[in-house]
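The residues making up each chain are set out below.
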Amino acid sequence: SQKIEQNSEALNIQEGKTATLTCNYTNYSPAYLQWYRQDPGRGPVFLLLIRENEKEKRKERLKVTFDTTLKQSLFHITASQPADSATYLCALLNTGGFKTIFGAGTRLFVKA
Amino acid sequence: DGGITQSPKYLFRKEGQNVTLSCEQNLNHDAMYWYRQDPGQGLRLIYYSQIVNDFQKGDIAEGYSVSREKKESFPLTVTSAQKNPTAFYLCASSGFSTGSTEAFFGQGTRLTVV
């Protein structure tokens, strides 16, 4: 069955460092991969999308890579800040786009 | 202000009762979705709708029902047949039919069985 795996353990880093989160998937060939941010008790907020034919995407301090051979995406936050502390969700979509599959998310804590 | 609104934020249900969660959007999106989120698990798709008067079951539809009589509205009913309804419910919409894959989420409804 289709499966997305994100680190269940929280990631703790020092302010100013780069945070790297991993998303691995199996039994799926997504057309799109997305990353969302979710704060406690709130709905997820879209951050970035990368397509299957793209290797890397950047937006301000965020960078996403997508390796369809390894079936893996890496999500980087450079110069991290305490305000970046949240849960980050990886999501996969096929070309139809209606059955988005979400990972459980990785909790990030950035210490001042 | 464009967005997606869920109500109520907190909901308590007695055993054997049906409850309805509201979801309204003013983004003019064709597609709407309901997800359930449990601690330590990803969002699981309950139902989705691509157009008015049409909806499809997701991966965990048993014990739930929906309607899509208006483009703006996609209410979810949690029936007494849902054996473990306590969870955080999220409604989302997207303009996928117009080329946008980004999903916009509401703030969620936390349902507790008492």
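For the structure itself, consult the block above.
In this report, the structure presented in the accompanying data block is examined. This structure is a prediction, so every number in the text was calculated from the model and none was measured.

Thresholds, definitions, all that
- Residues numbered from 1 in each chain as written.
- Chains lettered and ligands numbered in written order.
- Predicted model: local features only at pLDDT ≥ 70, side-chain atom pairs only at ≥ 80, totals over all residues.
- Heavy atoms only, no water.
- Helix = DSSP H or I, 4+ residues; strand = E, 2+ residues; numbered from the N terminus.
- Rg over C-alpha atoms; globule rule 2.2 N^0.38 Å.
- Buried < 20%, exposed > 50% of the residue type's maximum accessible area, 1.4 Å probe, protein only.
- Pairing = 2+ DSSP bridges.
- Salt bridge = Lys/Arg side-chain N within 4 Å of Asp/Glu carboxyl O.
- Core = buried A, V, L, I, M, F, W, Y, C linked by side-chain atoms within 4.5 Å.
- Contact = heavy atoms within 4.5 Å.
- Axes fitted to C-alpha atoms, helices over the stretch in contact; angles between N-to-C directions.
- Polar contact = N/O pair within 3.5 Å; in protein donor to acceptor, adjacent residues only side chain to side chain.

Looking at the overall build of chain A
(1) Moving on: Helix and strand content of chain A: 0 helices and 11 strands.
(2) Moving on: Each helix (α) and strand (β) of chain A, taken in turn from the N terminus, gives the series β-β-β-β-β-β-β-β-β-β-β.
(3) Moving on: Against the compact-globule benchmark of 13 Å for 112 residues, chain A has a radius of gyration of 13 Å, which places it among compact chains.
(4) Moving on: Considering only C-alpha atoms, chain A reaches an extent of 40 × 30 × 20 Å along its principal axes.
(5) Moving on: Counting all 112 residues of chain A, 47% fall into the buried class.

Structural notes on the pairing of strand E3 (residues 19–25) of chain B
The two faces of the sheet receive side chains in turn, since in a regular strand these alternate between them.
Residues and elements named next belong to chain B.
(1) Moving on: Residues of E3 alternate between two faces, with Val 19, Leu 21, Cys 23 and Gln 25 buried on one and Thr 20, Ser 22 and Glu 24 left unburied on the opposite face.
(2) Moving on: Sheet analysis places E3 next to strand E8 (residues 76–78), joined by 3 bridges and oriented antiparallel. What sits directly across from Leu 21, in E8, is Leu 76.

Quick look at the pattern of salt bridges
(1) Moving on: The tally for this structure, following the rule as stated, stands at 8 salt bridges over all chains.
(2) Moving on: Of the charged contacts in the structure, one is a salt bridge between A:Arg58 and A:Glu56, with a shortest N-O distance of 2.9 Å.
(3) Moving on: Classification of A:Glu56 by relative accessible area gives partly exposed; the value is 39%.
(4) Moving on: Between B:Arg44 and B:Asp38 there is a salt bridge, and its shortest N-O distance comes to 2.8 Å.
(5) Moving on: The buried category is assigned to B:Asp38, whose relative accessible area is 11%.

Points about the nonpolar core
It is characteristic of soluble globular proteins that their nonpolar side chains tend to be buried jointly.
(1) Moving on: Of all hydrophobic cores here, the largest spans 24 residues; its most connected members are A:Leu33, A:Trp35, A:Phe75 and A:Tyr88.
(2) Moving on: Elements represented by at least two residues in this core include exactly strand E3 (19–26), strand E4 (32–38), strand E5 (45–51), strand E7 (62–67), strand E8 (72–77), strand E9 (86–93) and strand E11 (106–111) of chain A.
(3) Moving on: Non-local contacts of A:Tyr88, meaning those with residues more than four positions away in its chain, are made with A:Gln6, A:Leu21, A:Trp35, A:Tyr36, A:Arg37, A:Leu47, A:Phe75, A:Ile77, A:Gly105, A:Thr106 and A:Leu108.
(4) Moving on: Judged by nonpolar contacts, the second largest core, of 21 residues, contains B:Tyr33, B:Tyr48, B:Phe88 and B:Phe105.

Details of the environment of B:Asn84
(1) Moving on: Positionally, B:Asn84 belongs in the loop between E8 and strand E9 (87–94).
(2) Moving on: Once the C-alpha coordinates of B:Asn84 and B:Ala31 are considered, the two residues, 53 residues apart in sequence, prove to be 27 Å apart.

Examining the sheet that holds strand E7 (residues 64–66) of chain B
All names here are of chain B.
(1) Moving on: In spatial order, the strands read E1-E3-E8-E7; together these 4 strands make up an open sheet with antiparallel pairing. Each edge of the open sheet is held by one strand with a lone partner, namely strand E1 (4–7) and E7. On average, adjacent strands in this sheet sit at an angle of 20 degrees to one another, irrespective of strand direction.

Quick look at the side chain of A:Ser80
All names here are of chain A.
(1) Moving on: If you trace the backbone, Ser 80 turns up in the loop between E8 and E9.
(2) Moving on: Only 3.5 Å separates the side chain of Ser 80 from the backbone oxygen of Gln 14, close enough to count as a polar contact.
(3) Moving on: Within polar-contact distance, the side chain of Ser 80 engages the backbone oxygen of Lys 17 at 2.7 Å.
(4) Moving on: Beyond its immediate chain neighbours, meaning those up to four positions away, Ser 80 contacts Ile 13, Gln 14, Glu 15, Gly 16, Lys 17, Arg 61 and Val 110.

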